[in-house]
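Understanding the architecture of this molecule
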Amino acid sequence: MPSLKDLKNRIQSVKNTRKITKAMQMVAAAKLRRAQEAAEAARPYAERMTAVMGALASGAANSAGAPRLLAGTGADKVHLLVIMTSERGLCGGFNTTIVRLARAKIAELLAAGKTVKILTVGKKGREQLRRDYGQYFVGHVDLSDVKRMGYSNAQGIAREILSRFDGGEFDVATLFYNRFQSVISQIPTAKQVIPATFEDAGSASALYDYEPSEEGILADLLPRGVATQVFTALLENGASEQGARMSAMDNATRNAGDMINKLTIRYNRSRQAAITKELIEIISGAEAL
Amino acid sequence: MAGTMQFDLVSPERKLASAAATEVMIPGAEGDMTAMEGHSPTITTLRPGVLRAVTTEGVKSYVVTGGFAEISATGVTVLAERAIPVEEATGTVLDDILAEARSLAAAALPEDKNAAEKAVNDVMALRDAVLAHH
């Protein structure tokens, strides 16, 4: 049975924790809004880019001499997995869900006899994967100093991916990140970026004049398309992280509140028990006289 | 007075401009072109240069690098990897862009060497033009 003083200290400590989680929740809410705005602002560019590339790609994909970024290397042997996670913890299952999806994919690829290479972005996922798949790591991108995710960050990552591709290090590249749906729901997503895939190929390609040539534009756009997709993934991930943190901290705040109530009841009970005990001692002492 | 068309300038991070314009001068990869209402549909890549738009709110110029422009009879959409209003493009900003283009050229594969070096030259021309403008 803890003493009254112990209980009091305990209550105070839980109250302090609650203040911190509450503050973190509010900070995450503010950051989430900014992250969502950034994702919103980036959407027109990504959409136009995909539309134009899709239209061009549908024309070029079947012709011989299509760019390697679109047609692939012709092999399907070495897979590069770009796993994007957060730099900080305390965001609920955010990183775990991405890592779980990545693990499943890695196991599947290894079982199929493929070679796996892992490029990690954000240190949390790296920590989780190191024990089982550390031998497949080929690189890491550290974004811990980045305050605001900019396009230049995405370009840096894209350049790293592309230079490895040009060096013939892999055949297929896939991005792993969390797609933001709502504060309580983020969907772990795997998106193949090399060779490039387009969901709906438009038929607009015949309507346009191209300068320089159709192939020239496509060759110029494909590397930019990779950067754009990386950027979209980074922004989605950023918003997801803040959303996940916000709901995790909301839960933590509520749990702390419940705990404080329980501890307060226990504290009051113990206090009353102590008073009753003292009264009984006084009364029985007086009766003995 | 020519009719107007919708002019949009977007960079990956935000939408920079959206206005009705009468003419837009685009630094295309194979030379400058001016798009006006009724232009035949064209897609062109950009070289580093100055994009000039005559809008209903006045003439606006932007320094753009990389990307492409989509021209149709009723509008122009420019997707630039980087777009800066010309007033904000100071010497240091341009030097950064130039340094970046140079480092890319140095790292480029042999077959991309020519394109990368052309980009450096384009940036240098752009820099001189903008600094003269200031």
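Note that this is a predicted model, so its numbers are computed, not measured.

A few words now on the overall build of chain A. Summing up its helical and strand segments, chain A has six helices and six strands in all. Taken from the N to the C terminus, the helices and strands of chain A come in the order α-α-β-α-β-α-β-α-β-β-β-α. What you see for chain A is a C-alpha radius of gyration of 28 Å, clearly larger than the 19 Å of a compact globule of 289 residues, by over 25%. With the C-alpha coordinates of chain A rotated into their principal frame, the extents come out at 115 × 40 × 30 Å.

Moving on: the overall build of chain B. Of the regular secondary structure elements, chain B holds two helices and seven strands. Its helices and strands in sequence order give chain B the pattern β-β-β-β-β-β-β-α-α, from N to C terminus. Based on the C-alpha atoms only, the size of chain B along its principal axes is roughly 45 × 30 × 25 Å. Classification of the 134 residues of chain B by burial places 37% in the buried group. If you take every contact in chain B between residues at least 6 apart in sequence, the share linking residues at least 24 apart comes to 51%.

Below, the discussion takes up the interface of chain B and chain A. Contact residues are listed per partner, giving 22 residues for chain B and 22 residues for chain A. Those elements giving two or more residues to the side of chain B that touches chain A turn out to be β2 (15–28), β4 (42–45), β6 (58–72) and β7 (75–85) of chain B. Among the elements that line the side of chain B that touches chain A, the one with the most residues is β4 of chain B, at four residues.

Mean pLDDT over chain B: 84, with 97% of residues reaching 70 or higher. Looking across chain B, the model is least confident in helix α2 (residues 113–133) of chain B, with a mean pLDDT of 77, and most confident in strand β1 (residues 5–10) of chain B, with 91.

For the rest of this paragraph, the subject is the environment of Met24 of chain A. Residues and elements named next belong to chain A. Along the chain, Met24 turns up in helix α1 (residues 4–60). Classification of Met24 as partly exposed rests on a count of 19 C-beta atoms within 10 Å. Once the C-alpha coordinates of Met24 and Ala227 are considered, the two residues, 203 residues apart in sequence, prove to be 32 Å apart. Excluding its chain neighbours within four sequence positions, the residues that come into contact with Met24 are Leu90, Arg245 and Met249.

Our next topic: helix α3 (residues 94–111) of chain A. Residue and element names in this part refer to chain A. Between the first and last C-alpha of α3 there are 26 Å, a value that for 18 residues agrees with the 26 Å anticipated at 1.5 Å per step. For α3, the complete set of buried residues consists of Phe94, Asn95, Ile98, Val99, Ala102 and Ile106. Down the axis of α3, the buried side of the element spans an arc of 95°, and every buried residue falls inside it. Of the exposed residues in α3, those oriented more than 90 degrees away from the buried face are Ala104, Glu108 and Ala111. On its buried face, α3 is in contact with β1 (78–84), β2 (115–121), α4 (123–133), β4 (172–182), β5 (185–194) and α6 (214–288). Count one or two residues on from α3 and you reach Gly113, which has phi positive near 80°.

Calculation criteria
- Residues numbered from 1 in each chain as written.
- Chains lettered and ligands numbered in written order.
- Predicted model: local features only at pLDDT ≥ 70, side-chain atom pairs only at ≥ 80, totals over all residues.
- Helix = DSSP H or I, 4+ residues; strand = E, 2+ residues; numbered from the N terminus.
- Rg over C-alpha atoms; globule rule 2.2 N^0.38 Å.
- Buried ≥ 20, exposed ≤ 12 C-beta atoms within 10 Å, placed from the backbone.
- Contact = placed C-beta atoms within 7 Å.
- pLDDT = per-residue confidence, 0-100.
- Expected span 1.5 Å × (residues − 1).
- Arc of directions from axis to C-beta.

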